[in-house]
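Chains, contacts and geometry: an overview
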2 protein chains.
Amino acid sequence: MTQWLYNFGGGTAEGSAAMRDLLGGKGANLAEMAVLGLPVPPGFTVSTELCAAYYSDGKKFPESLSAQVESGIKHIEAVASAKFGDPDNPLLVSVRSGSRASMPGMMDTVLNLGLNDDTAAGLAKRTGDARFAYDSYRRFIQMYGDVVLGVGHHEFEDLLERAKEGLGIQLDTEMSADDWRGLIEQYKVLVQARLKAPFPQDVSEQLWGAMRAVFDSWMNDRAVTYRRLYDIPESWGTAVNIQAMVFGNMGEDCATGVAFTRNPSSGDNQIYGEYLINAQGEDVVAGIRTPQSLVANSDDGAGEPALETAMPKIFAELGGISRRLEGHYRDMQDIEFTVQKGKLWMLQTRSGKRTAAAALKIATDMVAEGVLNEAAAVARIEPEALEQMLHPRLDPGAPRNILAHGLPASPGAAAGQVVFSSERAEDLAAKGEAVILVRPETSPEDIHGMHAAEAVLTSRGGMTSHAAVVARGMGRPCITGALDVRIDLAAKKFTVGDTTIVEGDIITIDGTRGEVLAGKIPTIEPEMTGAFATLMGWADKIRRLKVRANAETPADAATARKFGAEGIGLCRTEHMFFDEMRIVVMREMILADDEVGRRTALAKLLPMQRQDFVELFRIMAGLPVTIRLLDPPLHEFLPHGEAEIRDVAKAAGVKYEAVASRVALLRENNPMLGHRGCRLGISHPEIYEMQARAIFEAAIEVEKAEGGEAVELEIMIPLVMGGKELRILKDLVDSVAAEIADAHGKAPEYSVGTMIELPRAALRAGDIAKTAAFFSFGTNDLTQTALGISRDDAASFMESYVRQGMFAQDPFTSLDQEGVGELIETACRRGRESSPDLKLGICGEHGGDPASIHFFEKCGLNYVSCSPYRIPIARLAAAQAKLRQSKQ
Amino acid sequence: MTQWLYNFGGGTAEGSAAMRDLLGGKGANLAEMAVLGLPVPPGFTVSTELCAAYYSDGKKFPESLSAQVESGIKHIEAVASAKFGDPDNPLLVSVRSGSRASMPGMMDTVLNLGLNDDTAAGLAKRTGDARFAYDSYRRFIQMYGDVVLGVGHHEFEDLLERAKEGLGIQLDTEMSADDWRGLIEQYKVLVQARLKAPFPQDVSEQLWGAMRAVFDSWMNDRAVTYRRLYDIPESWGTAVNIQAMVFGNMGEDCATGVAFTRNPSSGDNQIYGEYLINAQGEDVVAGIRTPQSLVANSDDGAGEPALETAMPKIFAELGGISRRLEGHYRDMQDIEFTVQKGKLWMLQTRSGKRTAAAALKIATDMVAEGVLNEAAAVARIEPEALEQMLHPRLDPGAPRNILAHGLPASPGAAAGQVVFSSERAEDLAAKGEAVILVRPETSPEDIHGMHAAEAVLTSRGGMTSHAAVVARGMGRPCITGALDVRIDLAAKKFTVGDTTIVEGDIITIDGTRGEVLAGKIPTIEPEMTGAFATLMGWADKIRRLKVRANAETPADAATARKFGAEGIGLCRTEHMFFDEMRIVVMREMILADDEVGRRTALAKLLPMQRQDFVELFRIMAGLPVTIRLLDPPLHEFLPHGEAEIRDVAKAAGVKYEAVASRVALLRENNPMLGHRGCRLGISHPEIYEMQARAIFEAAIEVEKAEGGEAVELEIMIPLVMGGKELRILKDLVDSVAAEIADAHGKAPEYSVGTMIELPRAALRAGDIAKTAAFFSFGTNDLTQTALGISRDDAASFMESYVRQGMFAQDPFTSLDQEGVGELIETACRRGRESSPDLKLGICGEHGGDPASIHFFEKCGLNYVSCSPYRIPIARLAAAQAKLRQSKQ
């Protein structure tokens, strides 16, 4: 019979940290801590296998489960010395989700389960604290009512508010045991009214209901969205942890808190965290009360004392456990603990989320401490996380109009229009507007809006509030607990002192300092030093794949070099024609009646294009530069719409009809599959001739200059279908080179290669490689053609395709390895068979995607090329790919 | 040393018919005839290998050639007992091209070579016929001047015309020896003026010049065009035949003519042909004089007598040779002969071009005669040629307003606008207009125009004139020698009696009867009987591939069954929605705001679609019918342009803006790669649900009817990328079937399969085949995506791509076997590995293309599906593919 349950607690456990897939992260680590002898309340974990069985069997539990649950409860009862449902000595349990990957707040939790009218009375008697017992009971009804029974959370809150009004009191703490008892009766009436059934008094019924609710929450909208954002497969499922309750809210000798073994924002090697006296864990995470620091010397001055001061023995014990757990896991840990009547209990440990800066500092520190080697440190950093380090920060010299201070919950800086709802954030972001999401606090429903926003500001909550944790994970700058910011959601405005900011006003968030600033503050480029530089150095030693940039402007090329680009993998020459002045000449060329007219216009473009290349070659001196000849269809350069056509006609001195008819003639039904790329080069050889000439002349000019160093010139022909097109166009380039050699004594060194971006080209790679010095996979177009999906038109169905499992991820973001990947593998194999020295690279969007880079390492490509800001990510991902590849 | 030359004549030869690749068709058959002991003037053939060497070496002859040519001339001199360049006994030779495939009139020829001032005088003396000698000399100067020296043919003709005017005579035959001599002096002056050099008097120089000209003509525009039209590779090259001249123009005991061993139009087993007394071969072919029949009892009443009457002995000898050659080659021969002073000489034999009807009759007759077996007869027929038999002929009951009679040069009937130039024919045809090309006579320059025209009418020329031969080859109806038709090219009109037809007027050509008719005459369907039925029966016995039709209308389905379709391979359900009434409901569906609105509209479409299927299923009773669910993007059904949108908005009772914004929303950048096919089925399941329901309900209705026979239902999902989409949509179809079974007791038998029309689908075939009962290759879309070419936008470059050798043929006409073909092979292999019983078919345009069908046979597909009119072609091609496959 399948073992669905795994017990832990009492100094032992059936599971371990290695069983994460089966027990989920929380369950595996609870087991591990129990084995380590740490104080873990006893419990058991229902495995993720059960989740799979539950869903595959139409949401039914297997028959064999109930006996196992019964024996699991007996195990808890034995260790905890209490009895489930026994009014004299009631056992209360928590029921929590726990999947393989952390999904904070996405799924449901039920606490204080096991309370009913009888056990609540028993608890009151046994603890001698009726107020605590009935507060716990009302919390349980409220939570269970919301999560399991589907009665709205706000309906319970409304009753509570009205009860307090009736009693003339402000705070929950002012409620007496009898007040709670009265409220409990109202809660039960509410449940009866909504469900046409009483609130369940049978503790076993409570337990099964909660388990079912947790498993069901795996498929709720929030969880589905989160998994999509973080690429967590649906098939993983969640485990459920049922564990004896401990209470941080039984008095002033009780507390609950969250600790990080190192600082998750800076990476400093010091325990860091927050706690609340006399509270339950949800109070910390929900951000309703602003919690206090663990460490005495921290910045948060006001209010209650730090744990170090208030409970020095507990603080010392926690510090010891913290070091022990970090040493055991060789990674920074995020710990949840509760102090019940002066005794410390560990409720969770997991690898802690951290900013990219902290991740780098922790990894490099751990190498210095001898805990990790360089490769392990490199493997540890999530490449995508680097992105937050690579973007501009605020210019420290710029004047700052500080509106308010808050907690520096997630570093980085961003400016944008203020919005007060996630919906509005999404709407404006979809239009390309930069927005700052401002909320009193955030909840899992805001995941979408936070993703859409440039930065997040909340007036409540601490460094471990929902907003803070999620923003750090997403790399969004975030300030929490900005108490001076008074938000009026209905009026769509906030005030700070006598300043009012309305929706649409621009503010800047400095998440590193915790400053809310008026207007848009200028930014400066990040510096790539310290731990970043150290770790990137290790990555560079490890990786085999070279990393180049897709860039054509001097600014982008300079950024690329700064980020460590080892050349340019894609210079899109057409981008050089969209300049306002040049497009006029470009249009003159396109509108010309014949080759003579085209050549006249091209002669004007030649010096402009040459100058572009001169600048580019100077910046990339000594490195390879791959220049793609004109690729898009000519009509992309033509005006659209009557007014624009009229302007162009006037400027060109031709009739409106002439331009209009030319535009109509060049219009294509499917421009993606039209007269473009090398097809243009073959029908209009004079264009490619001009471009080749500009390249060669620029290279000569740069080499001739004092101290001039040559680049490694690679001329790239786009969109070939087979070898013949490349042969024709290589001949053309070669003949221009011969003319250059005649005129200048010698032509620069160069090679001619091609994009592989059509399925047929991938299949015909053997023939193409006879002529090509290199292949560069254009994975954007290869994805479009192999899948028959226009990237521009995919929005209407792609999201639903990913959701329904047609792809693990949007294939334009992460390579479709099964389809497009096979074409790439085939092309690599055939190309190299035909020409062993063939250079292989990739220059589509996927060149900066870590998962895709792993695939390219496997294919044995020579380099990847990506946008300048993705280069460090690609360098790191390439090193990790090499490490993983070496293991296999 | 390479042997470049192969001698023949004098009862022996170095070559044979088997050496066609090396010697070209003409050279190989001259050698074969020489070996057979037939009277062939001696000569030698310069091989096609030399042509290749000539072009690969920058148009230079190898050094070793001159000695071989010298020895070849010696061979001719020895057999002909004359000496090249000897004034006392001059040897004259012809220099003719001859490639592997017949390319009539495409390349250059020089006759009477070896004449100069001295040998002309010698020839006059030796033959005692000064007029003949100088006529020959002036013909030579004219031909050599035109072909080798590049002096315009018309310049010589002008001098001749002026000379005749000056002498007051009408006909060439009235010119005396002295008149010719005077003209020769003028010709020499003309050459000197144009070339700044005298006409070459050195016979060896003449020979080398002519050889060079013939090799050069391999690359002239006419030849290049012809090769493209007939898929002849450029690499084949041409041979050159140098042969002793014989003369049909030395008097009334001389003649020249062309014979077919059987009637090339009807296939009747009787020698058939034309000849001219006292003429050179070019006079017959050029169509300037209307020649006489060979056989006495033929229809052409007027003028000179038939060869049978005029030269009975020669006629008998020719008949004997004709039977001998046909028996030897086991095929109908096209023979050229010359009678010089009462002696018959054979100048050429080759497989004769023939109409499709003649081809079928000859092939079936030869089986009856025991010359061929059935397989050889099936292999003999060019499948494409059948097309001319499959199209409508004139309704015999329709009133005919006969304008003129001419020779029935190529059968079939067609109507169209009269045009008088090939350029105009091409222009209008490109716009989709049907045109009839009317010319006094045609020349190789008209190939394009004839291809563009529906039919051809010439006022001059015979059954073997250029127009007649080419039109038969192309399957275009053609009338030649319509002498009453007086054409005024300048005024763009022709008159017959007092009727005037101007450009743009509609006429009908009945090429079978030779009748020119006013206006457009109604047509009737062809009958598939006689030799056609016999041969198709043999083909059906041989072939393995099934042949189905792409059809959705009852009319098309009926035509398909008549032509032998074994089912429907592609029923495009969307075609059923374009009906004027239905598109209104379709638009209502698309414009609906939600699923409820869509379902309301779909409920209206259901009975219409069901009724379509009922009709189709009745016609195809007992056969498989593959129904493709909705494929095109929804916006194809929406109105375009303001006026149309306004109409639709009014009809639908919604605002203009609502419709306009919906149209704008659905507009796609690349609709080919957009939201269509199964992507629609997944996002709008209610559409496919309705279609599945209509199919099932129709099948039940047909089966329930008295004598109702079920069809084999195959439901086809378009545009899948992988297995998941198919699984989702098969579940949907299955669930509709389950509902139908609930409602009707049982659901009809059916299977669900998919189109393979995206490269990724071909690669993922193994996974897809786990769910699919069948694959149908959609080679149109598979070609578009694999090659990255939008068929609609390819016109601007495809022609030049084919011309430059990127493809042997337009890949939308004949399958790109190297690229798309590999994807098909891969999909077949993976699909069958995963599911051995998988049914495989193809339903793109290529299903009716013989070359592609050979490929599909090799892949082991189960069936091809094509348009109804291509079905007999596909049946025959499938049989030939099977024969060829069995050989290998």
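As a reminder, the structure under discussion sits directly above these lines.
Cut-offs applied
- Residues numbered from 1 in each chain as written.
- Chains lettered and ligands numbered in written order.
- Predicted model: local features only at pLDDT ≥ 70, side-chain atom pairs only at ≥ 80, totals over all residues.
- Heavy atoms only, no water.
- Helix = DSSP H or I, 4+ residues; strand = E, 2+ residues; numbered from the N terminus.
- Rg over C-alpha atoms; globule rule 2.2 N^0.38 Å.
- Contact = heavy atoms within 4.5 Å.
- Areas by Shrake-Rupley, 256 points an atom, 1.4 Å probe, with all protein chains shown as cover.
- Lys, Arg positive; Asp, Glu negative; His and termini not counted.
- Charge placed at Lys NZ, Arg CZ, Asp CG, Glu CD.
- Buried < 20%, exposed > 50% of the residue type's maximum accessible area, 1.4 Å probe, protein only.
- Phe/Tyr/Trp six-rings, centres within 6.5 Å; stacked < 30°, edge-to-face > 60°.
- Lys NZ or Arg CZ within 6 Å of the ring centre and 35° of its normal.
- Salt bridge = Lys/Arg side-chain N within 4 Å of Asp/Glu carboxyl O.
- Nonpolar A, V, L, I, M, F, W, Y, C, P; charged D, E, K, R; others polar.
- Least-squares fit on C-alpha atoms with pLDDT ≥ 70 in both.
- Core = buried A, V, L, I, M, F, W, Y, C linked by side-chain atoms within 4.5 Å.
- Axes fitted to C-alpha atoms, helices over the stretch in contact; angles between N-to-C directions.
- Parallel < 35°, antiparallel > 145°, perpendicular 65-115°, else oblique.
- Pairing = 2+ DSSP bridges.
- Expected span 1.5 Å × (residues − 1).
- Left-handed = near helix turned anticlockwise from the far one by under 90°.

Section: the overall build of chain A
A tally of regular secondary structure across chain A gives 33 helices and 33 strands. Compactness check: chain A gives a C-alpha radius of gyration of 32 Å against a globular reference of 29 Å for 888 residues, within 12% of the reference. By sequence separation, contacts in chain A at least 24 residues apart represent 68% of the contacts at least 6 residues apart. On chain A, roughly 33,900 Å² of surface is accessible, and the fraction owed to carbon and sulfur atoms is 50%. When the 93 positive and 122 negative side-chain charges of chain A are each reduced to one mean point, those points stand 3 Å apart.

A word on helix H30 (residues 795-803) of chain A
Among all positions in H30(A), only Phe797(A), Met798(A), Ser800(A), Tyr801(A) and Val802(A) are buried. Buried-residue contacts for H30(A) involve helix H9 (221-230) of chain A together with helix H25 (678-683) and helix H27 (723-744) of chain B.

Concerning the packing of aromatic side chains
This model, assessed by the stated rule, comprises 34 aromatic pairs over all chains. Measuring from ring centre to ring centre gives 5.3 Å for Tyr54(B) and Tyr55(B), while their planes differ by 80 degrees; the resulting arrangement is edge-to-face. We classify Tyr54(B) as buried; its relative accessible area is 1%. Pairwise contacts between aromatic rings join Tyr54(A), Tyr55(A), Phe61(A), Trp208(A) and Phe215(A) into one cluster. Residue placement shows Arg227(A) over the ring face of Trp218(A); its charged tip is 3.9 Å from the ring centre. The ring of Tyr863(A) is capped by Arg548(A), whose NZ or CZ atom sits 3.8 Å from the centre of that ring.

Describing the interface of chain B and chain A
At the interface, 43 residues of chain B touch 42 residues of chain A. Our enumeration of links across chain B and chain A arrives at eight salt bridges. Elements supplying a minimum of two residues to the side of chain B that touches chain A: H25, H27, helix H28 (759-763), helix H30 (779-787), helix H31 (795-803) and helix H32 (820-834) of chain B. For the side of chain B that touches chain A, the per-class residue count stands at 18 nonpolar, 13 polar and twelve charged.

A look at the relation of the copies chain B and chain A
Related by rotation about an axis and a shift along that axis, the two copies of the chain form a pair. Each copy of the sequence occupies a distinct position, and chain B is placed on chain A by a rotation of 180 degrees and an axial shift of 0.4 Å, giving an RMSD of 0.3 Å. The symmetry that links the two subunits is that of a two-fold axis. Of the interface residues in chain B, 98% have counterparts in chain A that sit at the interface too, so the contact is made through matching surfaces.

Focus on unusual backbone geometry
Residue and element names in this part refer to chain B. Positioned with a positive phi, Asn-112 is a non-glycine residue whose angle comes to about 60 degrees. Relative to the helices and strands, Asn-112 is located in strand E6 (residues 109-113). The backbone of Lys-196 shows a phi angle near 55 degrees, a positive value even though the residue is not glycine. Structurally, Lys-196 can be placed in the loop between helix H7 (177-195) and helix H8 (203-217). Residue classification places Lys-196 among the exposed residues on the basis of a relative accessible area of 68%.

Describing the nonpolar core
Counting residues in each nonpolar core, the largest one holds 279 residues, and the members touching the most others are Phe617(A) and Phe617(B). Formed by 88 residues, the second largest nonpolar core is a distinct cluster that contains Leu91(B), Ile169(B), Leu407(B) and Met450(B).

Considering the packing of helix H20 (residues 554-562) of chain B against helix H22 (residues 595-619) of chain B
Residues and elements named next belong to chain B. Across the interface, H20 lies against H22 with an axial gap of 10 Å and an inter-helix angle of 10 degrees. On the basis of their axis angle, the class for H20 and H22 is roughly parallel. Residues Pro-554, Ala-557, Ala-558 and Arg-561 of H20 touch H22, and the partners they reach there are Glu-615, Leu-616 and Ile-619.

Description of the sheet that holds strand E30 (residues 750-756) of chain B
Pairing between the strands of a sheet comes from backbone hydrogen bonds, and it takes one of two forms, parallel or antiparallel. Residues and elements named next belong to chain B. Pairing within the closed barrel is parallel, and its eight strands lie in the order E26-E27-E28-E29-E30-E31-E32-E33. Averaged over all pairs of adjacent strands, the angle between strand axes in this sheet comes to 25 degrees, irrespective of strand direction. Bridge count for strand E31 (residues 774-777) against strand E32 (residues 839-842) is four bridges, and the pairing is parallel. Following the sheet pairing, Phe-775 is matched in E32 by Leu-840.

Things to note about helix H26 (residues 685-704) of chain B
The end-to-end C-alpha distance of H26(B) is 28 Å, a good match for the 28 Å that 20 residues give at a rise of 1.5 Å each. In terms of residue burial, H26(B) counts as a mostly covered element, since 15 of its 20 residues are buried.

With respect to the sheet that holds strand E11 (residues 333-340) of chain A
Residues and elements named next belong to chain A. Taken in spatial order, the five strands make up an open sheet running E10-E9-E8-E11-E12, and their pairing is antiparallel. The two strands at the open ends of the sheet, each matched to only one other strand, are strand E10 (292-293) and strand E12 (343-351). Bridging between strand E8 (residues 255-260) and E11 involves six bridges; their strand directions are antiparallel. Residue pairing across strands places Ala-255 opposite Val-339, the latter belonging to E11. Where helix H12 (residues 312-329) meets the sheet, it contacts E8, E11 and E12, and its direction lies at approximately 30 degrees from that of E12.

A word on the side chain of Glu857(A)
Residues and elements named next belong to chain A. If you trace the backbone, Glu-857 turns up in helix H32 (residues 850-859). Judged by its relative accessible area of 5%, Glu-857 falls in the buried class. Leaving out residues up to four positions away in the same chain, Glu-857 has contacts with Arg-544, Leu-545, Ala-878, Ala-881, Lys-882 and Gln-885.

Some thoughts on the pattern of salt bridges
Residues and elements named next belong to chain A. Scanning the entire structure with this criterion turns up 108 salt bridges over all chains. With a closest N to O distance of 2.9 Å, Asp-135 and Arg-138 form a salt bridge. Of this pair, Asp-135 and Arg-138 are both found in helix H5 (residues 130-147), three residues apart, which corresponds to roughly one turn of the helix. For the pair formed by Asp-135 and Arg-138, the shared burial category is buried. The salt bridge partner of Asp-135 is Arg-139, with a shortest N-O separation of 3.5 Å. You can see Asp-135 and its partner Arg-139 sitting in helix H5, four residues apart, about one turn around the helix. Note on accessibility: Asp-135 and Arg-139 belong to one class, buried.

A few points about the pairing of strand E27 (residues 568-572) of chain A
All names here are of chain A. Counting buried residues in E27 gives five out of five residues, a clear majority hidden from the surface. Strand direction decides the pairing type here: strand E26 (residues 546-550) and E27, joined by two bridges, are parallel. Residue Ala-549 lies in a different strand from E27, and its bridge partner there is Ile-568. Both E27 and strand E28 (residues 624-628) contribute to a ladder of three bridges, which runs parallel. Following the sheet pairing, Arg-572 is matched in E28 by Arg-628.

Thoughts on the packing of H26(B) against H27(B)
Residues and elements named next belong to chain B. Relative to each other, H26 and H27 sit at 45 degrees, their axes nearing to 9 Å. The angle between the axes of H26 and H27 places the two elements in the oblique class. Crossing angle aside, the handedness with which H26 passes H27 is right-handed. Contacts between H26 and H27 involve Pro-685, Tyr-688, Glu-689, Ala-692, Arg-693, Phe-696, Glu-697, Ile-700 and Lys-704 from the first element and Leu-729, Leu-732, Val-733, Val-736, Ala-737, Glu-739, Ile-740 and His-744 from the second. A breakdown of the residues in the contact of H26 with H27 according to their chemical character gives eleven nonpolar, one polar and five charged.

Examining the environment of Gly847(B)
Residues and elements named next belong to chain B. Checked against the element boundaries, Gly-847 lands in the loop between E32 and helix H33 (850-859). Using a relative accessible area of 0% as the deciding quantity, one classes Gly-847 as buried. Each C-alpha atom, one on Gly-847 and one on Leu-815, is 9.3 Å from the other, the two residues being 32 residues apart in sequence. Other than its neighbours up to four places away in sequence, Gly-847 contacts Ile-842, Ile-853, Phe-856, Val-864, Ser-865, Cys-866 and Ala-874.

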